[in-house]
Amino acid sequence: ELYRQSEIIFTNIERDNRSESYSVSQTDNQISAKIGRADKTITGKHTYNISYSVKNGIGSNYPDHDEIYWNVTGNEWKIPIVSASATVSTDFGVASNQVICFTGPYGSQAKNCNVPADFPQSPITTTASLSPYQGLTIVVGFPVNTFPKSILNR
């Protein structure tokens, strides 16, 4: 079979604006970060900032556009997410020409999220809490042929 090889690199995880320890594990179709220490239990409400970068994450090349389709949060969280946001930056000078977002469980068409008029300077944000097993997905479109045609590795 052919696969495009994407790479996800966690760059920083903070709890309540302080660096937090974490470990990363990966299967063929999922990458997970375990946050905190196994020997320490915490309680109460906390704010987590999870930053990561994605290499080779282009979703598709279509006849009339190219796009990045990305589930920002993942849908496997067993706890609610009060708010989530996403920024998209590229290392080339082409601006996106259409952006939409979705929230909810896998396959949801709900749009409890906001794409600001000045995107990508301001982030896409959720406008309602995400329940357990719900996520934020973004679709960022670019002019056709912005990206090289997808070449999949064996």
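Keep in mind that what you see is a predicted model, and the values were worked out from it rather than measured. (Residues numbered from 1 in each chain as written. Predicted model: local features only at pLDDT ≥ 70, side-chain atom pairs only at ≥ 80, totals over all residues. Heavy atoms only, no water.)

*Asks:* I'd like a rundown of the overall build of the protein, residues and numbers included.
*Replies:* When helices and strands are tallied, the protein shows zero helices and 12 strands. When its helices and strands are written in sequence order, the protein yields β-β-β-β-β-β-β-β-β-β-β-β. By the compact-globule yardstick of 15 Å for 154 residues, the protein fits well, its C-alpha radius of gyration being 17 Å. Within the protein, buried positions represent 26% of all 154 residues. Considering only intrachain contacts with a sequence separation of at least 6, the fraction spanning at least 24 residues in the protein is 67%. Summed over all atoms, the accessible surface of the protein reaches about 10,700 Å², with 49% contributed by carbon and sulfur. Computed over 12 positive and 13 negative side-chain charges, the separation of the two mean positions in the protein equals 7 Å. (Helix = DSSP H or I, 4+ residues; strand = E, 2+ residues; numbered from the N terminus. Rg over C-alpha atoms; globule rule 2.2 N^0.38 Å. Buried < 20%, exposed > 50% of the residue type's maximum accessible area, 1.4 Å probe, protein only. Contact = heavy atoms within 4.5 Å. Areas by Shrake-Rupley, 256 points an atom, 1.4 Å probe, with all protein chains shown as cover. Lys, Arg positive; Asp, Glu negative; His and termini not counted. Charge placed at Lys NZ, Arg CZ, Asp CG, Glu CD.)

*Asks:* Would you mind going over the environment of Asn97 in detail, with residue names and values included?
*Replies:* Summarising the element assignment, Asn97 is placed in the loop between strand E8 (85-86) and strand E9 (98-104). Between the C-alpha atom of Asn97 and that of Glu67, which follows or precedes it by 30 residues, the distance is 9.8 Å. Ignoring any residue separated from it by four or fewer positions in sequence, one finds Asn97 in contact with Gly141, Phe142 and Pro143.

*Asks:* Can you break down the confidence of the model for the protein residue by residue, with the values?
*Replies:* Interpreting fine coordinate detail is not advised for predicted regions of low pLDDT. When pLDDT is averaged along the protein, the result is 88, and 93% of the positions lie at 70 or above. Least confident of the elements in the protein is strand E6 (residues 60-61), whose mean pLDDT is 78; most confident is strand E10 (residues 113-114), at 98. (pLDDT = per-residue confidence, 0-100.)

*Asks:* Which residues make up the side chain of Ser108, and what values do they have?
*Replies:* Of note, Ser108 is situated in the loop between E9 and E10. The residues touching Ser108, leaving out its near neighbours within four places in the chain, are Phe102 and Thr103.

*Asks:* I'd love a proper account of the sheet that holds strand E12 (residues 135-143), names of residues and values included.
*Replies:* The strand order E6-E7-E12-E9 describes an open sheet built from four strands, whose pairing is antiparallel. Of all the strands in the sheet, the pair left with one neighbour each is E6 and E9. Sheet analysis places E6 next to strand E7 (residues 65-71), joined by two bridges and oriented antiparallel. Within E7, the residue paired with Ser60 across the bridge is Glu67. (Pairing = 2+ DSSP bridges.)

*Asks:* Explain the sheet that holds strand E1 (residues 7-15) to me, using residue names and the numbers behind them.
*Replies:* Strand order across the open sheet formed by three strands is E2-E1-E5, with antiparallel pairing between neighbours. Edge positions in the sheet fall to strand E2 (18-19) and strand E5 (48-55), since each of these pairs with one other strand and no more. Two strands pair when backbone bridges link them, and E1 and E5 are joined in this way by eight bridges, in the antiparallel orientation. Paired with Ile13 across the two strands is Ile50, which belongs to E5.

*Asks:* Residues and numbers for the nonpolar core, please.
*Replies:* Counting 18 residues, the largest nonpolar core has Ile138 and Val140 as the members making the most contacts within it. Residue assignment for this core shows that the elements contributing at least two residues are E7, E9 and E12. For this core, the leading source of residues is E12, giving four residues. Setting aside its immediate chain neighbours within four residues, Ile138 contacts Ile68, Tyr69, Trp70, Val72, Ala86, Val88, Ile100, Cys101 and Ile124. (Core = buried A, V, L, I, M, F, W, Y, C linked by side-chain atoms within 4.5 Å.)

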